[in-house]
Amino acid sequence: MTSSIFYGGDYNPEQWEPAVWREDIWLMREAGVNLVTVGVFSWAHLEPTESNFDFGWLRQVLDLLGEAGIGVDLATPTAAPPPWLTTRYPDALPVDQRGARYSHGSRQHFCVCSPSYRRLASAIVQRLADEVGDHQAIRMWHAHNEYACHVPYCYCDHHAVQFRSWLQRRYGTVDALNNAWGTSFWSQRFSDFGEVTPPRMTPTLPNPGQLLDYHRFSSDAFLEEFQQEKEVLKRARPDVPLTTNFMGFHKALDYFAWAREMDLVSTDNYPDPADPDSTALSAMHYDLVRSLNKSAPWIVMEQTTSRVNWREHNLPKAPGQMRALSYQALARGATGVLFFQWRASRAGAEKFHSALLSHAGTASPIWDEVVTLGKELTAAEPWAGSRVRASTAMIFSWPNWWAIESPSSPAHDLRMLDQLAWMYLPLYHRSATVDFAHPAEPLGSYDALLIPSLYLVTEEEAANIVSRVETGGTAILSYWSGIVDQHDQVYLGPYGGPLRPLIGCDVLDVAPLAAGDTVEVEWADGTRTTAGFWLDLTAERDGEVLARIASGPWAGSPAVVLTRYGTGSAYYLGTRLDGEGMRRIYDAVPALRGAVSPAGPDGESVERVVRSSPRHDFEFLINHADSDRKVTLAGPGYDVLSGQRTDGAMTLGRRGVAIVRHERSARPAAGERDAPAGGSQG
Ligand code: GLA
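Residues numbered from 1 in each chain as written. Predicted model: local features only at pLDDT ≥ 70, side-chain atom pairs only at ≥ 80, totals over all residues. Heavy atoms only, no water.

(A) Just the overall build of the protein, in detail. For the protein, the helix and strand inventory stands at 17 helices and 28 strands. Its C-alpha atoms give the protein a radius of gyration of 26 Å, within 12% of the compact-globule value 26 Å for 682 residues. When the 682 residues of the protein are sorted by exposure, 60% land in the buried category. Carbon together with sulfur atoms contributes 50% to the accessible area of the protein, which is approximately 26,000 Å² in total. Charge centroids of the protein, computed over 60 positive and 81 negative side chains, lie 3 Å from each other. (Helix = DSSP H or I, 4+ residues; strand = E, 2+ residues; numbered from the N terminus. Rg over C-alpha atoms; globule rule 2.2 N^0.38 Å. Buried < 20%, exposed > 50% of the residue type's maximum accessible area, 1.4 Å probe, protein only. Areas by Shrake-Rupley, 256 points an atom, 1.4 Å probe, with all protein chains shown as cover. Lys, Arg positive; Asp, Glu negative; His and termini not counted. Charge placed at Lys NZ, Arg CZ, Asp CG, Glu CD.)

What follows is the structure, encoded as structure tokens:
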């Protein structure tokens, strides 16, 4: 297994004549490609009719790649069932909330609970493992593709049956289910599990408990199919690390639960160049993925060299941006960057999606960038095994996301991702490195906890968070936190439930503000900032009021309250403070001070992240701006990209990158060692 960084992309040779394959491989070598994902959508080519298999072409492709020293991430083709399958077994097609069945003609047109789909998916995966599983070119197993991407929920009768069994296992009795879902409201009480349905179309607001459990169930149903594939693949080649490509903040799947099943976590990331926050949001995506399984390496399985073709209007990446954004992932700990796809297709729905090799071939300007990056990454050995360490964690859970966006919320425009971005973006711009953490995981290594709207929190999760504060941590906890338990049932009393020890005032009610409305906030020193979107209506208790609402009908109400708890402290934010308000909070917390790097004329800052090995700190500096930027370094060092020594400062050209190596003065702490590089684990 290579000790350098993985570089490559999806390779779909079945779209081309064999004569093209040889050119592909020759050019892959020129570009420094060392890993390609093969077979993702090849079911119809591997099994042209039911039980008639053709693996000859795949074996030939694997041989060519193997001979060229290019590793293969071998994918199962189960995300796109062939036409014979859905024609013969129409119950394998998914059904929407209104009962309409999807048709063939695109991809992901399968029902994960359909016995026919499950049987046939299992058969093709088994056959793949039997036919080519022992091929020496295989470096990685890639189960399926982007589970739950286009059809996250199916509402068919197979799902109804499976949902009932899942509920029976979870609750045991129908009374327990009734209590959990609060079915005394609107006469929804069940007398038997057989009366329960998926949350199909209803006249008005559905039962929130049913919705929440359907999210949980659907994530588990896909996971079960994944596990079925994993079992077959691991039986064939236990030595080969296995992954499936995630999609960062994808709402339908609880990736914390999924990531435990991965040898290597991987993600697909397509930031929108038209969004001014896309670089920062992309960083947030990578910080999440790095955090999902803290003992597994992670890679970018897909990104694009320039444009996608599936948004309304698809802006390209600017020259240099593909390289800069690849380094963003690497800076945040990735052990590889791959792309969709190697060669731009001639036909099909994604023929105008950019690729490593464009329609114009090597004459395309992107090719030079591809080759340059490939060359640099073959020399990545010195930093490839280093890892990112964060002393701040943002608390995040999928059940909270599912519940907080329920249609019964007092503000349907309260979006979990907006809440995360509100707290994350200012930290990105001050180069403070943030992990994500599940509320129930050990938090002892984090000095600061960011807790944006943890609406659903269990008693155990809250105790875990509170105890970190008690033992010296600092929490920054926002409005609409500690509101409901795991069944989406309200904790009575002033809001906050088991998180109340961290809220030094009484939250008596909530007041979402009209769109665009702001209120003034006055701080203890008389300074005024603004806030918007939401107010918790509070009464003073025992905390220190740092700021109050200073305009509108709720003027005087505490807005920011500091509580000392044990040896730690908690800042409670009862409203969405503006950037200046957040700056005041973050400046007060040592772990959040970061290294502020002033934004350029285009609003972009120089991104700075440190990867550490026992002997070195590698300071990654990425200038996302469209102009040169002078940056101050952590100290003198050596830029491994340019091969130049640097003193304490340097100028980065537009979209320029430096990786400055610094000696670490402190001896490595016990147990601190380099992470496995290049997916060498597993
Ligand atoms: C996803 C899929 C790929 C391709 C790209 C296009 O990531 O996995 O097959 O469709 O999107 O951006």
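This is not the end of the story, as more comes after the structure.
(B) Representation of helix α7 (residues 174–181) within the structure. Listed in full, the buried residues belonging to α7 are Val 174, Leu 177, Asn 178, Ala 180 and Trp 181. Down the axis, α7 shows its buried residues gathered within 165° of arc, on one side only. Summarising the contacts, the buried residues of α7 are in contact with α6 (157–171) and α8 (208–236). Gly 182 sits one or two positions beyond α7 and adopts a positive phi of about 60°. (Arc of directions from axis to C-beta. Contact = heavy atoms within 4.5 Å.)

(C) Spotlight on the sheet that holds strand β25 (residues 637–639). With respect to topology, six strands assemble into an open sheet ordered β10-β22-β23-β28-β25-β26, the strand pairing being antiparallel. The open sheet terminates on both sides in strands that have one partner only, identified here as β10 (387–388) and β26 (644–646). As paired elements, strand β22 (residues 606–612) and strand β23 (residues 616–623) share seven bridges and run antiparallel to each other. Looking across to β23, one finds that Ser 612 is bridged to Asp 617. (Pairing = 2+ DSSP bridges.)

(D) Expanded view of the pairing of strand β18 (residues 544–549). Where strand β16 (residues 518–523) meets β18, three bridges bridge the pair, whose relative direction is antiparallel. Bridge assignment links Glu 522 to a residue of β18, and that residue is Arg 548.

(E) The pattern of salt bridges, seen in detail. On inspection of all chains with the given rule, the structure shows 38 salt bridges. In this structure, Arg 343 engages Glu 23 in a salt bridge whose closest nitrogen and oxygen atoms are separated by 2.6 Å. Placement of Arg 343 in the loop between β9 (336–339) and α12 (365–378) and of Glu 23 in helix α1 (residues 18–31) is noted, with a sequence separation of 320 residues between them. Between Arg 235 and Glu 231 there is a salt bridge, with the nearest N and O atoms lying 3.9 Å from each other. Taken together, the residues span about one helical turn, with Arg 235 and Glu 231 both in helix α8 at a distance of four residues. (Salt bridge = Lys/Arg side-chain N within 4 Å of Asp/Glu carboxyl O.)

(F) The arrangement of the site of the ligand in detail. Phe 41, Arg 107, Asn 145, Glu 146, Asp 268, Tyr 270, Glu 302, Trp 310, Phe 340, Glu 350 and His 353 make up every residue found near the ligand. Side-chain polar atom of Glu 146 to an oxygen atom of the ligand: 2.6 Å apart, as the coordinates give it. Coverage of the ligand by the protein amounts to 97% of the 300 Å² it exposes when considered alone. In this structure, the ligand is accommodated by the largest pocket. Considering only residue class, the shell around the ligand consists of four nonpolar, two polar and five charged. (Near = heavy atom within 4 Å. Polar contact = N/O pair within 3.5 Å; in protein donor to acceptor, adjacent residues only side chain to side chain. 1 Å grid on protein atoms, 1.4 Å probe; cavity = no way out; pocket = protein on both sides within 12 Å on 5 of 7 lines; lining within 4 Å. Sits in = over half its atoms within 2 Å of the grid points. Nonpolar A, V, L, I, M, F, W, Y, C, P; charged D, E, K, R; others polar.)

(G) Quick look at a nonpolar patch on the surface. Together, Phe 185, Trp 186 and Leu 205 line one region of the surface with nonpolar side chains, adding up to about 340 Å² of accessible area. Looking at where Phe 185 falls in the secondary structure, it is placed in the loop between α7 and α8. (Patch = residues over 30% accessible without salt bridge, like charges linked within 9 Å, V, L, I, M, F, W, Y side chains within 5 Å.)

(H) Main features of the packing of aromatic side chains. Going through the model one piece at a time under the given rule, you end up with 36 aromatic pairs. Every member of this aromatic cluster is reached through a ring pair, and the members are Phe 246, Phe 249, Tyr 255, Phe 256, Phe 396, Trp 398, Trp 401 and Phe 436. Over the ring of Trp 16 we find Arg 343, and its NZ or CZ is 5.3 Å from the ring centre. One Lys or Arg, Arg 576, reaches over the ring of Phe 533 and ends 4.1 Å from the middle of that ring. (Phe/Tyr/Trp six-rings, centres within 6.5 Å; stacked < 30°, edge-to-face > 60°. Lys NZ or Arg CZ within 6 Å of the ring centre and 35° of its normal.)

(I) Focus on the layout of surface pockets. In this structure, the largest pocket encloses a volume near 1,500 Å³. Residue lining of the largest pocket: 50 residues in total, with Arg 107, Glu 146, His 150, Trp 310 and Glu 350 positioned closest to the centre. Mapped by element, the contributors of at least two residues to the lining of the largest pocket are α2 (43–46), α10 (278–292) and α15 (416–429). Here the lining of the largest pocket gets five residues from one element, more than from any other, and that element is α10. The class makeup of the residues in the lining of the largest pocket is 20 nonpolar, 20 polar and 10 charged. (Points joined across faces, edges and corners; volume = space filled by probe spheres on them.)

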